[in-house]
Amino acid sequence: MDQEKVKIRAEDFSFYYNGTKAIKNVSLEIKENRVTSIIGPSGCGKSTFLRCIDRMNDLIPGIKTEGKLYVDDQDVYASDIDVATIRRKVGMVFQKSNPFPKSIFENVAYGLRINGTKSKDYISQKVEKCLKNTSLWEEVKDRLGENAYALSGGQQQRLCIARTLAVEPEVILMDEPASALDPLSTAKIEELIHELKEKYTIIIVTHNMQQAARISDFTALFLLGELIEYDKTGTIFTNPAKKSTQDYITGRFG
């Protein structure tokens, strides 16, 4: 395991909102083509850390960072970094599915068009491929012109993943992607995550400990902005090094 390529690396990384330290001196290495779950109680910094990776937190006034956060040995917060380049490399799937108020086809094609792709054939092939990769094609191939809002919640979430895949990121961040879905849709999303790690590095924030145990190779526990423990998922769930990890896993708090 230790020979695997490191895709994302935090070195003593801290993040502040208006002077409040929300992420506290976090150091960890996230391996390429693996699924890493971030678990912990509400307000522990899970989503904040996720959004630091693609700099989504830049939209909040009064932020400050300390330490280093690298994607492929590029410091995400270096003064000369092109944020657009980072965001092309790092895709994001949110807790609530957020399709655009456009057709199913145009939702997937959107990123290609804004990145300057003109070829209709290429766009059509890419849309089909991304919908197949998210197991949606058979369900929607005869209704590509319909508004995406006509899809079920689970289908909308898979459409948002297809939209993310279309611009060919290397990392996919998922913030509670199945928390609003029924068990069947959740199972499809989990199956999809398992398939996608062949090509992508995936980090998923989840409240669902069973889900973390099922789908992830590595698991990180955050508490109050601190990284408490980070290891292979099997180790975290069966033989954690820290008592607070054991207490959280067994439901003593959180």
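See the structure above.
Residues numbered from 1 in each chain as written. Predicted model: local features only at pLDDT ≥ 70, side-chain atom pairs only at ≥ 80, totals over all residues. Heavy atoms only, no water.

1. So, the sheet that holds strand 7 (residues 171-175)
For the record, the criterion: For two strands to count as paired, DSSP must find a minimum of two bridges between them. Helix numbering and strand numbering both begin at the N terminus, where a helix is a DSSP run of H or I of at least 4 residues and a strand a DSSP run of E of at least 2. Throughout, an axis means a line fitted to C-alpha atoms (over the contacting stretch in the case of helices), and angles, computed between N-to-C directions, take values from 0 to 180 degrees.
A sheet is described by the order of its strands in space; here six strands give the open sequence 6-7-8-3-9-10, paired in mixed fashion. The open sheet has two edge strands with one neighbour each: strand 6 (90-93) and strand 10 (226-232). The average angle at which neighbouring strand axes cross in this sheet is 15 degrees, direction not considered. Pairing analysis gives four bridges linking strand 6 to strand 7, with the strands arranged parallel. From the neighbouring strand, G91 faces strand 7, where its bridge partner is I172.

2. Here's the deal with the packing of aromatic side chains
Inclusion rule: To pair, rings of Phe, Tyr and Trp, with the six-membered ring standing in for Trp, must have centres within 6.5 Å; the planes then decide the type, stacked if under 30 degrees apart, edge-to-face if over 60, and tilted in the middle. Burial status follows relative accessibility: with a 1.4 Å probe on protein chains alone, a residue under 20% of its type maximum counts as buried, one over 50% as exposed, and anything between as partly exposed. We call a charge positioned over a ring when the NZ of a Lys or the CZ of an Arg lies within 6 Å of the ring centre and within 35 degrees of the ring normal.
Following the criterion strictly, the structure yields five aromatic pairs and no others. Relative to F222, the ring of F49 has its centre 5.5 Å away and its plane inclined at 40 degrees; by these criteria the two rings are tilted. One end of the pair, F49, is in helix 1 (residues 46-53); the other, F222, is in strand 9 (residues 218-223), and 173 residues separate them in sequence. Take F49 and F222: they sit in the same class, and that class is buried. Residue placement shows K64 over the ring face of Y16; its charged tip is 4.5 Å from the ring centre.

3. Concerning the environment of I236
With respect to the helices, strands and loops of the structure, I236 is situated in helix 9 (residues 233-238). The buried category is assigned to I236, whose relative accessible area is 0%.

4. Thoughts on the pattern of salt bridges
What counts is decided by this rule: Here, a salt bridge means any Lys or Arg side-chain nitrogen found within 4 Å of an Asp or Glu carboxyl oxygen.
Taken as a whole and judged by the stated rule, the model has 23 salt bridges. A salt bridge links K7 to D72; the shortest N-O distance between them is 2.8 Å. Within this pair, whereas K7 is found in strand 1 (residues 6-17), its partner D72 is found in the loop between strand 4 (63-71) and strand 5 (74-75), the two being separated by 65 residues in sequence. K141 is the salt-bridge partner of E138, the closest N and O atoms lying 2.9 Å from each other.

5. Here's the deal with the sheet that holds strand 1
Pairing in this open sheet of four strands is antiparallel, and the strands run 2-1-4-5 from one edge to the other. The open sheet has two edge strands, strand 2 (20-31) and strand 5, and neither has a second partner. In this structure, strand 1 lies alongside strand 4, joined through eight bridges in antiparallel fashion. Bridging across to strand 4, R9 finds its partner in Y70.

6. A word on the pairing of strand 9
Summarising burial for strand 9: six of the six residues are buried, a large majority. Neither face of strand 9 is exposed, since F218, A220 and F222 on one face and T219, L221 and L223 on the opposite face are all buried. Of the strand pairs in this sheet, strand 3 (residues 35-39) and strand 9 are connected by four bridges, and their pairing is parallel. Looking at strand 9, one finds that T36 is bridged to F218. The turn linking strand 9 back onto strand 10 is made up of two residues, and L224 within it adopts a positive phi angle of 50 degrees.

Just distances and angles here, no functional claims.
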